[in-house]
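Fold and contact review
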Amino acid sequence: FTLGSFNNYLKISGDTIIAWSEILKKINNSKLILKSSVSYSEIHFKKLFENEGVLDRVVFKNKSSNLEEHINLYKDIDLCLDTFPYTGVTTTCEALWMNIPVISMEGFNFNSRCGESILINSNLKDLVAKNKDDYISKVLSFANDLDKLEKTRKFIFDEVLKTNTFNTKKFASNFWKSILDTYSNHK
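Below you will find a few notes about this structure. Computed from a predicted model, the values in this text were never measured in an experiment.

**What to know about the side chain of S21**
Structurally, the position occupied by S21 is in helix α1 (residues 14–26). In this structure the side chain of S21 is engaged in a polar contact, spanning 2.8 Å, whose partner is the backbone oxygen of I17. Setting aside its immediate chain neighbours within four residues, S21 contacts F49, E52 and V54.

This is the structure in structure tokens:
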């Protein structure tokens, strides 16, 4: 079972490392692929994963040389893990666009609610965890029920591009209307 997170390494907190390590320990034959768009030394993270006893199950990928190479790496992932407390934005949308579910956690401010917002607006509220224990439980639920994972992936494939998250025409129209309304109200 292959987990992945392509979030900026600077978003990976100590609590995230502990949760991901617990997940890896509970899923037989699992691995975690990590990749960041920002050049960053993995030495710090390797030490943290080593301290948790799971370094041999973590794969660090280099920054992709082009977008196609980056996007194709999602094909190797069964389930994406969002970072917390600061979540992904672009990486969450990319994963959904590639039909990969993302487990994210409820946040406490704008920066920590982005994953939650994207998932809710993509009609995937069930992928939002309330806390760290719920986050781990949701991941284990998918790892132990591949039919559930496949149904969720099919739902994403069939429905996610129809949602507000990916409806760029509606977004542009609403954004333009907001600009006009703001202008009209301040004349």
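**Thoughts on the packing of α1 against helix α2 (residues 43–52)**
Close contact between α1 and α2 brings their axes to 10 Å; oriented N to C, the two are set at 50°. Here α2 runs oblique to α1, going by the angle between their axes. At the point where α1 passes α2, the crossing takes the right-handed sense. Facing α1, whose interface residues are I17, I18, W20, S21 and K25, α2 presents F45, L48, F49 and E52. Partitioning the contact of α1 with α2 into residue classes produces 6 nonpolar, 1 polar and 2 charged.

**Here's the deal with the pairing of strand β1 (residues 2–5)**
Burial along β1 is two-sided: the face carrying T2 and G4 and the face carrying L3 and S5 are both buried. Relative to strand β2 (residues 31–35), β1 runs parallel, the two sharing 4 bridges. Within β2, the residue paired with G4 across the bridge is I33. The pairing of β1 with strand β4 (residues 79–81) spans 2 bridges and is classified as parallel. Paired with L3 across the strands is L79, a residue of β4.

**What about the sheet that holds β1?**
Across the sheet, 6 strands lie side by side as β3-β2-β1-β4-β5-β6; this open sheet has parallel pairing. A strand with exactly one partner marks an edge of an open sheet, and here the two such strands are β3 (58–61) and β6 (128–129). As paired elements, β2 and β3 share 4 bridges and run parallel to each other. In the sheet register, L34 faces β3, and the bridge partner there is F60. Packing of α1 onto the sheet brings it into contact with β1, β2, β3 and β4, and relative to β2 it is tilted by some 145°.

**Some points on unusual backbone geometry**
Residue P85 is reached from F84 by a cis peptide bond, and omega for that bond is 10°. Looking at where P85 falls in the secondary structure, it is placed in the loop between β4 and α4 (90–97). Residue N29 is not a glycine yet carries a positive backbone phi of 55°. With respect to the helices and strands, the residue N29 is situated in the loop between α1 and β2.

**A few points about the packing of aromatic side chains**
For the structure shown, the criterion picks out 6 aromatic pairs. Plain terms: the ring middles of Y9 and F45 are 5.6 Å apart, the flat faces sit at 55° to each other, and that makes the pair tilted. Residue Y9 is located in the loop between β1 and α1, and its partner F45 is located in helix α2; the two are separated by 36 residues in the primary sequence. The residues Y9 and F45 share a single accessibility class, namely buried. Relative to F60, the ring of Y9 lies with its centre 6.2 Å away and its plane at 85°, an arrangement referred to as edge-to-face. A residue pair is termed long-range when its members are at least 10 positions apart, and Y9 in the loop between β1 and α1 and F60 in strand β3 qualify at 51 residues. F60 shares its class with Y9; the two are buried. Each residue in the set Y9, F45 and F60 is aromatic and connected to the rest through ring pairs, giving one cluster.

**A few points about the environment of D15**
Position of D15 among the secondary structure elements: in helix α1. You can call D15 partly exposed: its relative accessible area is 44%. As a C-alpha pair, D15 and P85 span 70 residues in sequence and 8.7 Å in three-dimensional space. In this structure D15 touches F84 and K132, once residues within four positions along its chain are discounted.

Conventions and cut-offs
- Residues numbered from 1 in each chain as written.
- Predicted model: local features only at pLDDT ≥ 70, side-chain atom pairs only at ≥ 80, totals over all residues.
- Heavy atoms only, no water.
- Helix = DSSP H or I, 4+ residues; strand = E, 2+ residues; numbered from the N terminus.
- Polar contact = N/O pair within 3.5 Å; in protein donor to acceptor, adjacent residues only side chain to side chain.
- Contact = heavy atoms within 4.5 Å.
- Axes fitted to C-alpha atoms, helices over the stretch in contact; angles between N-to-C directions.
- Parallel < 35°, antiparallel > 145°, perpendicular 65-115°, else oblique.
- Left-handed = near helix turned anticlockwise from the far one by under 90°.
- Nonpolar A, V, L, I, M, F, W, Y, C, P; charged D, E, K, R; others polar.
- Buried < 20%, exposed > 50% of the residue type's maximum accessible area, 1.4 Å probe, protein only.
- Pairing = 2+ DSSP bridges.
- Phe/Tyr/Trp six-rings, centres within 6.5 Å; stacked < 30°, edge-to-face > 60°.

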